[in-house]
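Coordinate inspection notes
Listed below, chain by chain, are the residues.
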Amino acid sequence: MSYKGREIVKLNREKLLEHLNKAYADEWLAYYQYWLGSKIVEGPMRGAVAMELAEHAKEELEHAEKLLERILQLGGKPILSPEEWYKASSCGYEVPSDPSVERLLEQNIKGEQCAIEVYNKALEFTKDGDPVTWRLIADILEDEIEHEFELQSMLEDLKKMKK
Ligand SMILES: [Fe+2]
Ligand SMILES: [Fe+2]
């Protein structure tokens, strides 16, 4: 069977699927990092920070889902085992061994900044050959920029409280 939706993609298929699968792994790791952080966070403003982290976790999982849908549409094979997440990931996983509000915010800001760079590169890669993936990535990038901004704002407030 031929899929018109696949035929119109004018990009190196392997590379495109690699981008998508790597991002998929990143999103799962980001999801777990946020989700766990929202449960173990300690210190000032913990309620507000926990809510924000939980909200981000939910959105990272939605990103993973959208990426998976696109991988399947393109006829690709998604990563099947969590073991592979670490290997495929570009941004890795920051172990939240210090559950203080400040440290968790810093770790997650680092993750968002990495995600912003990675998605920005993926936008560049897809811009001339696959408008559907391009738009999906632009939407995700918009969320990551919002995430970074929200975490930075909280960290700034926290630092003001300490003065
Ligand atoms: Fe994400
Ligand atoms: Fe994010």
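Treat the numbers as computed from the prediction; the structure is a model and nothing was measured.

**Description of the overall build of the protein chain**
Looking only at helices and strands, one finds 6 helices and 0 strands in the protein chain. Seen in sequence order, the protein chain has helices and strands lined up from the N terminus as α-α-α-α-α-α. Looking at the 163 residues of the protein chain, the share that counts as buried comes to 32%. Sequence separation of at least 24 residues holds for 79% of the intrachain contacts in the protein chain that already meet a minimum separation of 6.

**Considering the packing of helix α2 (residues 13-40) against helix α3 (residues 46-73)**
Following both chains from N to C, one finds α2 and α3 inclined at 160°, their axes separated by 8 Å at the closest point. Viewed along their axes, α2 and α3 adopt a mutual orientation that is roughly antiparallel. The two elements α2 and α3 cross, and the hand of that crossing is left-handed.

**Notes on the environment of H56**
Along the chain, H56 falls in helix α3. Owing to 26 C-beta atoms within 10 Å, H56 belongs among the buried residues under this scheme. Leaving out residues up to four positions away in the same chain, H56 has contacts with Y34 and H147.

**A word on unusual backbone geometry**
Not every positive phi belongs to a glycine, and M45 is a case in point at roughly 60°. Mapped onto the elements of the fold, M45 is located in the loop between α2 and α3. Owing to 16 C-beta atoms within 10 Å, M45 belongs among the partly exposed residues under this scheme.

**A few points about the packing of α2 against helix α5 (residues 101-126)**
It is the contact of α2 with α5, at a shortest axis distance of 11 Å, that shows an interaxial angle of 165°. Judged by the angle between their axes, α2 and α5 are roughly antiparallel. Considering only the axes of α2 and α5, their crossing is left-handed. Side by side, α2 and α5 meet where H19, A23, D26, A30, Q33, Y34 and G37 of the first sit next to L104, N108, G111, A115, V118, A122 and F125 of the second. Of the residues that constitute the contact of α2 with α5, the class distribution is 8 nonpolar, 5 polar and 1 charged.

**Some details on α3**
Between the first and last C-alpha of α3 there are 41 Å, a value that for 28 residues agrees with the 40 Å anticipated at 1.5 Å per step. Listing the buried residues of α3 in full gives V49, E52, L53, H56, A57, E60, H63, A64, L67, R70 and I71. Tucked inside the fold, the buried residues of α3 contact α2, α5 and α6 (131-162). Downstream of α3 by one or two residues, G75 has phi in the positive range, about 80°.

**Topic: the environment of E106**
Relative to the helices and strands, E106 is located in helix α5. A sequence separation of 85 residues divides E106 from N21, and the C-alpha atoms of the two residues are 26 Å apart.

What counts, and at which threshold
Residues numbered from 1 in each chain as written. Chains lettered and ligands numbered in written order. Predicted model: local features only at pLDDT ≥ 70, side-chain atom pairs only at ≥ 80, totals over all residues. Helix = DSSP H or I, 4+ residues; strand = E, 2+ residues; numbered from the N terminus. Buried ≥ 20, exposed ≤ 12 C-beta atoms within 10 Å, placed from the backbone. Contact = placed C-beta atoms within 7 Å. Axes fitted to C-alpha atoms, helices over the stretch in contact; angles between N-to-C directions. Parallel < 35°, antiparallel > 145°, perpendicular 65-115°, else oblique. Left-handed = near helix turned anticlockwise from the far one by under 90°. Nonpolar A, V, L, I, M, F, W, Y, C, P; charged D, E, K, R; others polar. Expected span 1.5 Å × (residues − 1).

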